[in-house]
Protein chains: 2
Amino acid sequence: MPKVSSKGEQMPASPIRKLTPFADKAKKQGIKVYHLNIGQPDIETPKAMLDAIKNADIDVWEYTASEGTESYREKLAAYYNKLNYNITPEDIIVTLGGSEAILIALRSCFDIDDEVLIPEPFYANYNAFACQTDVVVSPISSSIETGFALPSVKEFEKYINGRTKAIMICNPNNPTGYLYSQEEMEDLKELALKHDLFIIADEAYREFCYDGRKFISPMHLSGLEQNVIIVDTVSKRYSACGARLGCLITKNKEVRATGLKFAQARLSAGMLEQIAGEAALDTPDEYFEEINKEYTARRDILVEALNKMEGVFCPVPGGAFYVVASLPVDNAENFCRWILEEFSYEGQTVMIAPATGFYVGDDKGLNQVRLAYVINQDDIKKAMICLEKALEAYPGRGASLK
Amino acid sequence: MPKVSSKGEQMPASPIRKLTPFADKAKKQGIKVYHLNIGQPDIETPKAMLDAIKNADIDVWEYTASEGTESYREKLAAYYNKLNYNITPEDIIVTLGGSEAILIALRSCFDIDDEVLIPEPFYANYNAFACQTDVVVSPISSSIETGFALPSVKEFEKYINGRTKAIMICNPNNPTGYLYSQEEMEDLKELALKHDLFIIADEAYREFCYDGRKFISPMHLSGLEQNVIIVDTVSKRYSACGARLGCLITKNKEVRATGLKFAQARLSAGMLEQIAGEAALDTPDEYFEEINKEYTARRDILVEALNKMEGVFCPVPGGAFYVVASLPVDNAENFCRWILEEFSYEGQTVMIAPATGFYVGDDKGLNQVRLAYVINQDDIKKAMICLEKALEAYPGRGASLK
């Protein structure tokens, strides 16, 4: 019997899905499980997206151009230019989700064993994308004490070597919710120009910035045009995770031409999704204002409840819909499993993600968890009561780090 | 300015799209261009697919399970079992098009520099998929004289070495239209079992077999269960190329588990496409009978016209909707460009694909072209008149090989 590849063996399994069987078992026992574990928002997808598909008059569900339809790229460019990205439709490659945009960016820029510097904790699947493109992730620690701010330029330079090709950020951040400031972005620019690096910015959560804070993209930094690659998706922006529609944006013509070769190999992104994506771009600003109000309220409830629990610490993040908190437990993975397997309070429990999967190696973030505030405010409150009771009852309760 | 990767530089650009600018120019000059160059059928997509989406009641366009929805995989398994594949829904991973299924198969089975044996000419993008997964394509020549039949077991064995991990076929074949016989499939089985190889079978054109010939899948060969990986797509079956919905099927649990890790990294295939794909599986057999009648008629018109032209040879293929023909020209790429750039007959011309892109290296198939019979019978006739006139007028006319 022929064997699978060693790369296949090395591929990390999804850390977030590891606990799913335990949640399923709890549900089978009649326990209500509050899902704070994944970034699947409960927000309704704008009707206009689905209506655009319903109203489309299609005889043949055809391939589109590999780089995406002209009309979608034109409207996308207008959206980004309203945000002062100063791009043209030719700077965009439409992709099958943000995931494919990241894969194309890595393949276009990295040779085998080239390194990408990523502040950790980071989105767990970056590890999987790096594994399948033979890129080495060089993690640089950000700390819960500073709310996961960007490490200093000096700290970054300790990790930069001849194989370093890029710095990759997710802004606002998944899993920490941290929103990078103008100063931090200027630091990245300094590093990129000095060391000739790409800046790959995952901006899936761009529209979710709170407390009046300003979102800064590397596309806003003059002089950095040739270094920047933006990866984006409609998944979170329009609560359309199942659409698998993203894009890669770069003003670097060589990167764009190279990325297009990878896009051509798989022929096309989804035709209907591009029709829906085009309609989505007419979503009025009020839609985001409403949602941001809702997310802010949820964040405030969540963070306040967490910080009221004995031994728990949770910074207040500026964006996205995640927080990372430290818990007074021996091992967060054991705890997250225990609350599904052995615990319930008034017939309810909560599913949260241990943070180890967002770090490289098994020894970091051991007492940290990620919580996604993608359920309604009442349910968040109930989930937090469960969590508090669970922490009180957990046999592996340990000293908090904070 | 940071540089793109050397892998990005090596990535082959799409050979089929190379001539597009010349076709566009011809159209701008008012010339009608008959497109026989790409595998985009003109057949209408079954209404039921699009209706299923239109009738779906969706509030949140969510992720599905990474392996695909249970209901779609159940119905898919029933479709394959009607064809005697003897599989379960758990043997299926739903993918973002056939392209992703191929990528996942290569990544799951091959380490860097492992070799895949592929009878050539083969679908040009296999080169691109191999390049991005660091797999070495070892081409084994099939010949136009035998209608592109499978090379002998003995011939295959000349190419098998310690790094050979799999044989990959496309059946019925793109670009040749060749349909492998029971005997040829048994040969592949012998090779796979003797040398411990995977058989990766791209069956995108399964439903298009003509003249009452029987389609044989490696899934039909008993004793080969652990070696077989099927890659499939709805693109051609239901004329839904723009849906980007495919799947990978294997009864090898290790391959399935490994493939799932790659699927989990990109989270989900398209939600709406899976709804449409489910509806498509209710397509009655008469739909395919009708289409096969139409394709057979087109093939006959095309092949007869080609073989009537002086110095042209075209075998009669048993499936898919392509033929490869040899032309009496010095260089088919120059000729294909010339008919777009410099030739027209009664305000019309024809776009066909030079076959070199379907071979490894630049020196094979130099006088061959691929023609896709994806336009109506009248247009095929007109296109063939153009081609005949063009061959008569072409200054680089050379001796035919046959």
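What you see as residue numbers is a count from 1 along each chain, following the sequence as written. To read the labels, note that chains go from A and ligands from 1, taken in the order they are written. Residue-level local features of this predicted model are given only where pLDDT is at least 70; pairs of side-chain atoms are given and counted only at 80 or more, and the full residue set underlies all totals for whole chains, interfaces and linings. Hydrogens and waters are ignored; side-chain quantities use all the structure's heavy atoms.

## Comments concerning the layout of surface pockets
Line of reasoning, step 1. Considering only enclosed or pocket space, the largest pocket measures out at about 1,200 Å³ in volume.
Line of reasoning, step 2. For each structure, a 1 Å grid was placed over the protein atoms alone; sets of points admitting a 1.4 Å probe that cannot get out are labelled cavities, open sets with protein on both sides within 12 Å along at least five of seven lines are labelled pockets, and lining residues have an atom within 4 Å of a point. The wall of the largest pocket is formed by 47 residues, among which Ile16, Arg17 and Ile38 of chain A together with Tyr63 and Leu267 of chain B lie closest to the centre.
Line of reasoning, step 3. Put simply, DSSP H or I for four residues or longer makes a helix, DSSP E for two residues or longer makes a strand, and each gets a number counted from the N terminus. Counting only elements with at least two residues in the lining of the largest pocket, the list comes to α2 (20-28), α5 (97-109), α6 (125-132) and β7 (228-233) of chain A.
Line of reasoning, step 4. Among the elements that make up the lining of the largest pocket, the one with the highest residue count is α2 of chain A (four residues).
Line of reasoning, step 5. Here the lining of the largest pocket is composed, by residue class, of 21 nonpolar, 14 polar and 12 charged.
Line of reasoning, step 6. Roughly 960 Å³ of internal volume is contained in the second largest pocket.
Line of reasoning, step 7. If you trace the second largest pocket, you find 45 residues lining it, with Tyr63 and Leu267 of chain A together with Arg17, Ile38 and Gln40 of chain B closest to the centre.
Line of reasoning, step 8. Those elements that provide at least two residues to the lining of the second largest pocket are α9 (253-265) of chain A together with α2 (20-28), α5 (97-109), α6 (125-133), β7 (228-233) and α9 (234-237) of chain B.
Line of reasoning, step 9. Broken down by element, the residue count for the lining of the second largest pocket peaks at four residues, all from α2 of chain B. Grid points are joined across faces, edges and corners, and a volume is the space filled by probe spheres set on the points. Residue classes follow a fixed rule: Ala, Val, Leu, Ile, Met, Phe, Trp, Tyr, Cys and Pro count as nonpolar, while Asp, Glu, Lys and Arg count as charged, and any other residue, Gly among them, counts as polar.

## Looking at the sheet that holds strand β5 (residues 164-170) of chain A
Residue and element names in this part refer to chain A.
Line of reasoning, step 1. The strand order across the open sheet formed by seven strands is β2-β8-β7-β6-β5-β3-β4, and the pairing between neighbours is mixed. On the outer flanks of this sheet lie β2 (92-95) and β4 (136-141), each paired with one strand and no other. On average, each strand axis in the sheet is tilted by 20° relative to the strand beside it, whichever way the strands run.
Line of reasoning, step 2. Two strands make a pair as long as DSSP finds a minimum of two bridges between them. Pairing of β5 with strand β6 (residues 198-202) involves five bridges; the strand directions are parallel. Within the sheet, the bridge partner assigned to Ile169 lies in β6 and is Ala201.
Line of reasoning, step 3. Contacts are assigned to residue pairs with any non-hydrogen atoms lying within 4.5 Å of each other. Note on method: axes are straight lines fitted to C-alpha atoms, helices fitted across the in-contact stretch only, with angles between N-to-C directions ranging 0 to 180 degrees. Against the sheet, α5 touches β2, β5, β6, β7 and β8 (246-250), its axis set at about 160° to β7.

## Looking at α5 of chain A
Line of reasoning, step 1. Given a helix with a known number of residues, its expected span is that number minus one, times 1.5 Å. The end-to-end C-alpha separation of α5 of chain A is 19 Å, in line with the 18 Å expected for 13 residues at 1.5 Å each.
Line of reasoning, step 2. α5 of chain A sits mainly inside the fold: 13 of its 13 residues count as buried. Throughout, exposure labels follow a simple rule: accessible area from a 1.4 Å probe, protein chains only, divided by the maximum for the residue type, with under 20% read as buried, over 50% as exposed, and the rest as partly exposed.

## Description of the interface of chain A and chain B
Line of reasoning, step 1. Counting residues at the interface gives 79 residues for chain A, matched by 79 residues for chain B.
Line of reasoning, step 2. Carbon and sulfur atoms make up 54% of the surface buried where chain A meets chain B, a total of about 6,700 Å² over both sides.
Line of reasoning, step 3. A quick way to say it: buried area is the sum, across both parts, of accessible area lost when two parts are put together, with a 1.4 Å probe. When the buried area of chain A at its contact with chain B is split by residue, Pro2, Trp61 and Tyr63 of chain A rank highest and sum to 12% of it.
Line of reasoning, step 4. Criterion for a salt bridge: a side-chain nitrogen of Lys or Arg within 4 Å of a carboxyl oxygen of Asp or Glu. Here Glu254 of chain B makes a salt bridge to Lys3 of chain A, at a shortest N to O gap of 3.8 Å.
Line of reasoning, step 5. In protein, a polar contact means a hydrogen-donor-capable atom and an acceptor-capable atom, both N or O and within 3.5 Å, with residues adjacent in sequence counting only if both atoms are side-chain atoms; elsewhere, any N or O pair within 3.5 Å suffices. At the boundary of chain A with chain B, the tally comes to 45 residue pairs in polar contact (both at pLDDT 80 or more).

## Focus on the domain arrangement of chain A
All names here are of chain A.
Line of reasoning, step 1. Where each domain begins and ends follows an automated or database-derived domain assignment. Looking at chain A, the domain boundaries give domain 1 (6-44 + 286-392) and domain 2 (47-280).
Line of reasoning, step 2. Here the C-alpha centre of domain 2 lies 25 Å away from the C-alpha centre of domain 1.
Line of reasoning, step 3. Counting residues at the interface gives 38 residues for domain 1 and 36 residues for domain 2.
Line of reasoning, step 4. For the pair domain 1 and domain 2, the summed buried surface comes to about 3,100 Å²; carbon and sulfur atoms form 61% of the total.
Line of reasoning, step 5. Of all residues in domain 1, Phe288, Gly318 and Phe358 bury the most surface against domain 2, accounting for 18% of the area lost on that side.
Line of reasoning, step 6. A salt bridge links Lys7 to Asp134; its shortest N-O distance comes to 2.9 Å.
Line of reasoning, step 7. For the interface between domain 1 and domain 2, the tally reads 15 residue pairs in polar contact (both at pLDDT 80 or more).
Line of reasoning, step 8. Secondary-structure elements contributing two or more residues to the side of domain 1 that touches domain 2 are α1 (6-10), α11 (285-308), β9 (322-326) and β12 (368-372).
Line of reasoning, step 9. The greatest single-element share of the side of domain 1 that touches domain 2, amounting to seven residues, is contributed by α11.

## Here we look at the pairing of β4 of chain A
Residue and element names in this part refer to chain A.
Line of reasoning, step 1. Pairing of strand β3 (residues 115-120) with β4 involves six bridges; the strand directions are parallel. The partner of Pro119 across the bridge, within β4, is Ile140.
Line of reasoning, step 2. Here, the term right-handed applies to a crossover whose path from the first strand over the helix to the second runs clockwise when the strands point away from the viewer. Remark: the β3/α6/β4 crossover connection has right-handed handedness.

## Observations concerning the confidence of the model for chain A
Line of reasoning, step 1. The pLDDT score gives, residue by residue, the confidence of the prediction method on a 0 to 100 scale. This prediction gives chain A a mean pLDDT of 95; 99% of its residues lie at or above 70.
Line of reasoning, step 2. Listed scores for the predicted complex are pTM 0.96 and ipTM 0.95.

## Observations regarding the sheet that holds strand β9 (residues 322-326) of chain B
All names here are of chain B.
Line of reasoning, step 1. With antiparallel pairing, three strands are arranged side by side in an open sheet as β9-β12-β11. Each edge of the open sheet carries a strand with a single partner, namely β9 and β11 (353-354).
Line of reasoning, step 2. Bridge count for β9 against strand β12 (residues 368-372) is five bridges, and the pairing is antiparallel. Bridge pairing in β12 places Val323 opposite Leu371.

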